[in-house]
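Read off the chains here:
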Amino acid sequence: MAKELKFSASHEWAELDGKTAVIGVTDYAAELMGDIVFVELPAVGSRIKAGATFANIESVKAVSEVFSPVTGIVTAVNLSLNDSPELINRDAFAAYLIKADVEALEDGLMTESEYNKLKH
Amino acid sequence: MKKTVLYDRLAELGGKFVEFGGFFMPVQFLGILGEHRAVRSGVGIFDVSHMGEFLLEGENAEKEINYLFTNDFSKMPAGKVRYTLMCNTDGGIVDDLLVYKVNDAKYYLVVNASNIDKDREHILTNLKYGSKFTDLSDKISMIAVQGPLAAALTGEIFGKLPEGFYTFIFSKFAGHDVVVSRTGYTGEDGFEIYSENALTVDILNELLKFNDKYNTALAGLGSRDTLRLESAMPLYGHEMNAETLATELGLDAYIKIGKADFVGKAALTSKKPKYRRIGLKITDKGIAREGCKVLNGSEEIGHVTSGTMSPTLGYSVAMARVGVDSDTSDIYVDVRGRPLKAEAVAMPFYKR
């Protein structure tokens, strides 16, 4: 089954592969946040809920909540963000935040071209 | 909302603007961290035209400012700049400001943008010795050039510079008078250039001509805040406001309680401070921002007034307002329900 990239209106991306997802924030969100200095991630095994906050990203400017595009269970977190949170500024699509087992998707997730229209 | 005279030019140069103190001000250009580092290691240029400038003149001007402000100006030489607080009769802080002495009968006052109207009102109400007060805020703009290379860059434009920190000289730009002072809000060497509005864009453009030579960064309010925080400089509306007793900030060096009567003296003499300002190093990962509760063990002792990641030090720092007698041996800061371990440390956090 092919991987599928989806976007939320709150600027998260989810790469869906069957019942699993890799989740991060978009480059557009990273640019809005500015220099990122800390990332607060959930614990592996914790439940995340579509549309609810699952992580906080601290930039020099402010803290930003990250909303989950899926409901499910966190199976992995990107530990390299602990020491190098700036990876998100460098390439927000490579610097995922978490991996999750997916039970349901958030309503209204968009394709890449739909998302690109939204952000402009 | 007001725009400074540099707004259009700075927008063209990539500034991202936010509202601050009644003005649209650039919060950043290329990025706060880069701008911060440029000021610590090279030179950065800031638009600080939002600041307010007042003129106080008259044969009793010295008596007047000694009555209006908490610091002592009686032995101040001409050409000096002095930091002071201005209190209300309850000992609360109306504003913190810089006083520039031109001569015994002429002083410039530089106040916070958000307080211009309030300060003008307060000063006019408390004038006692017949001085003439003029609000120049709408006529004067200001550029700050800050960092170890600030003297070299500013010298390219003005030649002679004020030599001592917290001194100023009158200089010329295109035949017009400008004030160049060796002051700033970054903890680095630096200059602030006061000019009539019509000159300010040209001064900026002159400074920018040396971009390649000095690798100059245009800098915004974001790095101004991280820079002043590392240097533990208080910011009105955060570390202090009208309810903050002036003696609760560790700024007693600027409060000359023994001098003749001044606005707030009676209250500051009789009231005991209930709080004190402390510096925190956050030893866990995260940022303690304004409003976060400060705990010692499980006891709440106060709150954070400003906090940031310190780009120079590589960890988070904060200033906090805590009970004057609080134990600070086991500090935690509550960040969204997560307790971050912290240590009370001496201020400033960074010293050049």
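These figures come from a predicted structure and were not determined experimentally. (Residues numbered from 1 in each chain as written. Chains lettered and ligands numbered in written order. Predicted model: local features only at pLDDT ≥ 70, side-chain atom pairs only at ≥ 80, totals over all residues.)

(A) Broad picture of the overall build of chain B. Scanning chain B from terminus to terminus reveals nine helices and 20 strands. Residue burial in chain B is summarised as follows: out of 352 residues, 48% are buried. Here the contacts in chain B between residues at least 6 apart in sequence split such that 68% fall between residues at least 24 apart. (Helix = DSSP H or I, 4+ residues; strand = E, 2+ residues; numbered from the N terminus. Buried ≥ 20, exposed ≤ 12 C-beta atoms within 10 Å, placed from the backbone. Contact = placed C-beta atoms within 7 Å.)

(B) Broad picture of the environment of Gly22 of chain B. Residue and element names in this part refer to chain B. Note on placement: Gly22 falls in the loop between β2 (16-20) and β3 (23-28). In sequence terms Gly22 and Ser195 are 173 residues apart; their C-alpha atoms lie 20 Å from each other. Among all residues touching Gly22, those that are not within four sequence positions of it are Met1, Lys2, Ala113 and Ser114.

(C) Here's a closer look at the sheet that holds strand β14 (residues 217-219) of chain B. Residues and elements named next belong to chain B. Read from one edge to the other, the open sheet built from six strands follows the order β11-β12-β13-β10-β4-β14, with strand pairing classed as mixed. The two strands at the open ends of the sheet, each matched to only one other strand, are β11 (168-173) and β14. Put simply, the sheet's adjacent strands are angled 25° from each other on average, direction ignored. On top of the sheet, helix α6 (residues 197-208) reaches β4 (44-47), β10 (140-146), β11, β12 (176-181) and β13 (190-196); it is set at about 140° to β13, its chief contact. (Pairing = 2+ DSSP bridges. Axes fitted to C-alpha atoms, helices over the stretch in contact; angles between N-to-C directions.)

(D) Up close: the interface of chain B and chain A. The partner chain A presents 10 residues to the 13 residues of chain B that form the contact. At the level of elements, α2 (32-41), α8 (221-230) and β17 (299-309) of chain B are the ones that each hand at least two residues to the side of chain B that touches chain A. In terms of residue class, the side of chain B that touches chain A is built from four nonpolar, six polar and three charged. (Nonpolar A, V, L, I, M, F, W, Y, C, P; charged D, E, K, R; others polar.)

(E) Looking closely at the pairing of strand β18 (residues 316-323) of chain B. All names here are of chain B. Most of β18 is tucked away, with seven of its eight residues classed as buried. Note: β17 against β18, seven bridges, orientation antiparallel. What sits directly across from Val304, in β18, is Ala320. Linking two consecutive strands that pair antiparallel, namely β17 and β18, is a turn of six residues; a positive phi of about 85° is found at Gly314 within it.

(F) Representation of the confidence of the model for chain B within the structure. In this model, chain B carries a mean pLDDT of 97, and residues with pLDDT of at least 70 account for 100%. Predicted as a complex, the structure gets a pTM of 0.94 and an ipTM equal to 0.83. (pLDDT = per-residue confidence, 0-100.)

(G) Up close: the sheet that holds β17 of chain B. Residue and element names in this part refer to chain B. An order of β15-β18-β17-β16-β19-β20 is seen for the six strands of this closed barrel, with the pairing classed as antiparallel. Direction aside, the axes of adjacent strands within the sheet are offset by 40° on average. Inspection of the sheet shows strand β15 (residues 275-282) paired to strand β20 (residues 338-345) by four bridges, in the antiparallel sense. Residue pairing across strands places Gly279 opposite Val345, the latter belonging to β20.

(H) Representation of the domain arrangement of chain B in the model. All names here are of chain B. Domain annotation for chain B reports domain 1 (2-51 + 138-230), domain 2 (53-135) and domain 3 (274-352). Centre-to-centre, using C-alpha coordinates, domain 1 lies 30 Å away from domain 3. Counting residues at the interface gives 10 residues for domain 1 and 11 residues for domain 3. Looking at the side of domain 1 that touches domain 3, the elements that each hand over two or more residues are α2 and α8. Broken down by class, the residue content of the side of domain 1 that touches domain 3 amounts to two nonpolar, three polar and five charged. (Domains from an automatic or database assignment.)

(I) Region of interest: the environment of Tyr115 of chain A. All names here are of chain A. Inspection of the secondary structure assignment puts Tyr115 in helix α4 (residues 112-119). Tyr115 sits in the buried class, given 20 other C-beta atoms within 10 Å. For the pair Tyr115 and Ala9, spaced 106 residues apart in the sequence, the C-alpha separation amounts to 7.4 Å. When sequence neighbours within four positions are dropped, the list of residues in contact with Tyr115 reads Phe7 and Met110.

(J) Representation of the environment of Ser298 of chain B. Residues and elements named next belong to chain B. Structurally, Ser298 is set in the loop between β16 (293-296) and β17. Ser298 sits in the exposed class, given 8 other C-beta atoms within 10 Å. For the pair formed by Ser298 and Tyr332, sequence separation is 34 residues and the distance between their alpha carbons is 8.5 Å.

(K) Representation of helix α3 (residues 61-68) of chain B in the model. Buried residues dominate α3 of chain B, accounting for six of its eight residues. Check the buried side of α3 of chain B and you find it contacts β5 (52-57), β6 (81-87), β7 (93-103), β8 (106-111) and α4 (116-126) of chain B.

(L) Quick peek at the nonpolar core. Formed by 67 residues in total, the largest nonpolar core has its most connected members in Val99, Leu109 and Val145 of chain B. In terms of residues, this core owes the most to one element, β7 of chain B, which gives six residues. Inspection of this core shows a minimum of three residues originating in each of domain 1 (2-51 + 138-230) and domain 2 (53-135) of chain B. Of all hydrophobic cores here, the second largest spans 61 residues; its members include Ile36, Val37 and Leu97 of chain A together with Leu33 of chain B. (Core = buried A, V, L, I, M, F, W, Y, C linked by C-beta atoms within 7 Å.)

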